[in-house]
Amino acid sequence: ELKVEQNPLFLSMQEGKNYTIYCNYSTTSDRLYWYRQDPGKSLESLFVLLSNGAVKQEGRLMASLDTKARLSTLHITAAVHDLSATYFCAVDRTYGGATNKLIFGTGTLLAVQP
Amino acid sequence: EADIYQTPRYLVIGTGKKITLECSQTMGHDKMYWYQQDPGMELHLIHYSYGVNSTEKGDLSSESTVSRIRTEHFPLTLESARPSHTSQYLCASMGIYEQYFGPGTRLTVT
């Protein structure tokens, strides 16, 4: 069974601190996505990682992909309250993105405290 | 900015009613998807389409049906709504590398 697991499921952190969210997956995919969801809202695309070793950064967030380890990380640098949201990783279930059918992780609820 | 629209945004309806959730996109994407999401939980794929007249069921068993008569339009229909259908329904379309999501329809069946 194809699985995408995120940890932690809930993260409470103080402003100014650093932390990493992990996304492990069981399929041999080379395409991984990170999304942000605010309460009651839809999903906003953060990063698209398309190859082994891919690293992308936007503001205080940086995502990386290791397809050999089947692991992606989302690193948060000097967190601010505006980053509070639920973060999902999603994996294309076929290598090369042939189907573009995604499996989503369970989500990580991030709460940044002042 | 992706142009994908869903209506209605919120719907409260009684058991046994027939409903159609609308989804449209103006980007000319062939691949479109419907997901179901309970609050705070992961998304589950319930239907997808790779183009006009192509529809397939997703991972999560759903009593809903879909149609794809036009590229831009991918409606989802529930013939007889039940309280177990209460959830958020998200529509998405696939660009070159990523999926773009609509704003969602929050459905409550009483």
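As a starting point, this report considers the structure included with it. Starting afresh in each chain, residues are numbered from 1 along the sequence in its written order. Each chain is given a letter, starting from A, and each ligand a number, starting from 1, according to the order in which they appear as written. Whole-chain, interface and lining totals are the exception, using all residues; otherwise, since this is a predicted model, local features are given only for residues with pLDDT of at least 70 and side-chain atom pairs are given and counted only at 80 or more. Note: side-chain values were computed over all heavy atoms of the structure, leaving out hydrogens and water.

### Here's the deal with the interface of chain B and chain A
Each partner contributes residues to the interface: chain B has 23 residues there, and chain A has 21 residues. Counting the surface lost from both chain B and chain A, the interface buries some 1700 Å², and carbon and sulfur atoms represent 48% of this. Accessible area, probed at 1.4 Å, shrinks when two parts are joined; the buried area is that loss added up over both. The largest share of the area that chain B buries against chain A comes from B:Glu42, B:Tyr97 and B:Phe101, three residues that together contribute 26% of it. When a carboxyl oxygen of Asp or Glu is within 4 Å of a side-chain nitrogen of Lys or Arg, the pair counts as a salt bridge. Connecting chain B to chain A are one salt bridge. A:Arg93 is the salt-bridge partner of B:Asp59, the closest N and O atoms lying 2.8 Å from each other. Any pair of nitrogen or oxygen atoms within 3.5 Å is treated as a polar contact; in protein, a donor-acceptor pairing is required on top of that, and neighbouring residues in sequence qualify only through side-chain atoms on both sides. Applying the counting rule to chain B against chain A returns seven residue pairs in polar contact (both at pLDDT 80 or more). Where the side of chain B that touches chain A is concerned, the elements lending two or more residues are strand E4 (32–37), strand E5 (43–51), strand E9 (87–94) and strand E10 (99–101) of chain B. Numbering of helices and strands runs from the N terminus, with a helix taken as a DSSP run of H or I at least four residues long and a strand as a DSSP run of E at least two residues long. Per element, the largest residue contribution to the side of chain B that touches chain A is four residues, and it comes from E5(B). Grouping the constituent residues of the side of chain B that touches chain A by class yields 13 nonpolar, five polar and five charged. Contact criterion: two residues are considered in contact whenever any of their non-hydrogen atoms come within 4.5 Å of each other. Here the term charged refers only to Asp, Glu, Lys and Arg, the term nonpolar to Ala, Val, Leu, Ile, Met, Phe, Trp, Tyr, Cys and Pro, and the term polar to all other amino acids, Gly among them.

### Describing the nonpolar core
Residues and elements named next belong to chain A. Among buried residues, those of type Ala, Val, Leu, Ile, Met, Phe, Trp, Tyr and Cys that are joined through side-chain atoms within 4.5 Å constitute a nonpolar core. Burial classes: relative accessible area under 20% of the type maximum marks a residue as buried, over 50% as exposed, and values in between as partly exposed (1.4 Å probe, protein chains only). Within the largest apolar cluster, 25 residues are counted, with the highest numbers of intra-cluster contacts made by Leu32, Trp34, Leu74, Ile76, Tyr87 and Leu110. If you list the elements that add at least two residues to this core, you get strand E2 (10–14), strand E3 (19–25), strand E4 (32–37), strand E5 (43–49), strand E7 (61–66), strand E8 (71–76), strand E9 (85–92) and strand E11 (108–113). Top element by residues in this core is E9. It accounts for four residues. Among residues more than four places away in sequence, those in contact with Ile76 are Met13, Lys17, Asn18, Tyr19, Ile21, Arg60, Leu61, Leu83 and Leu110.

### Some details on the packing of aromatic side chains
Aromatic pairing here means that ring centres of Phe, Tyr or Trp (its six-membered ring) are within 6.5 Å. Orientation follows from the plane angle: under 30 degrees is stacked, over 60 is edge-to-face, and everything else is tilted. Tallied over the full model, the rule gives nine aromatic pairs over all chains. For the ring pair A:Tyr35 and B:Phe101, a centre distance of 5.3 Å and an interplane angle of 85° mean the geometry is edge-to-face. With A:Tyr35 in strand E4 and B:Phe101 in strand E10, the pair connects residues from two separate chains. For the pair formed by A:Tyr35 and B:Phe101, the shared burial category is buried. Grouping aromatic residues by their ring pairs yields a cluster made of A:Tyr33, A:Tyr35, A:Phe88, A:Phe104, B:Tyr33, B:Tyr35 and B:Phe101. Looking at B:Lys31, its charged tip hangs above the ring of B:Tyr50, at a distance of 5.4 Å from the centre. In this scheme, Lys NZ or Arg CZ marks a charge over a ring once it lies within 6 Å of the ring centre and within 35 degrees of the ring normal. Over the ring of B:Phe74 we find B:Arg68; its NZ or CZ atom is 5.8 Å from the centre of that ring.

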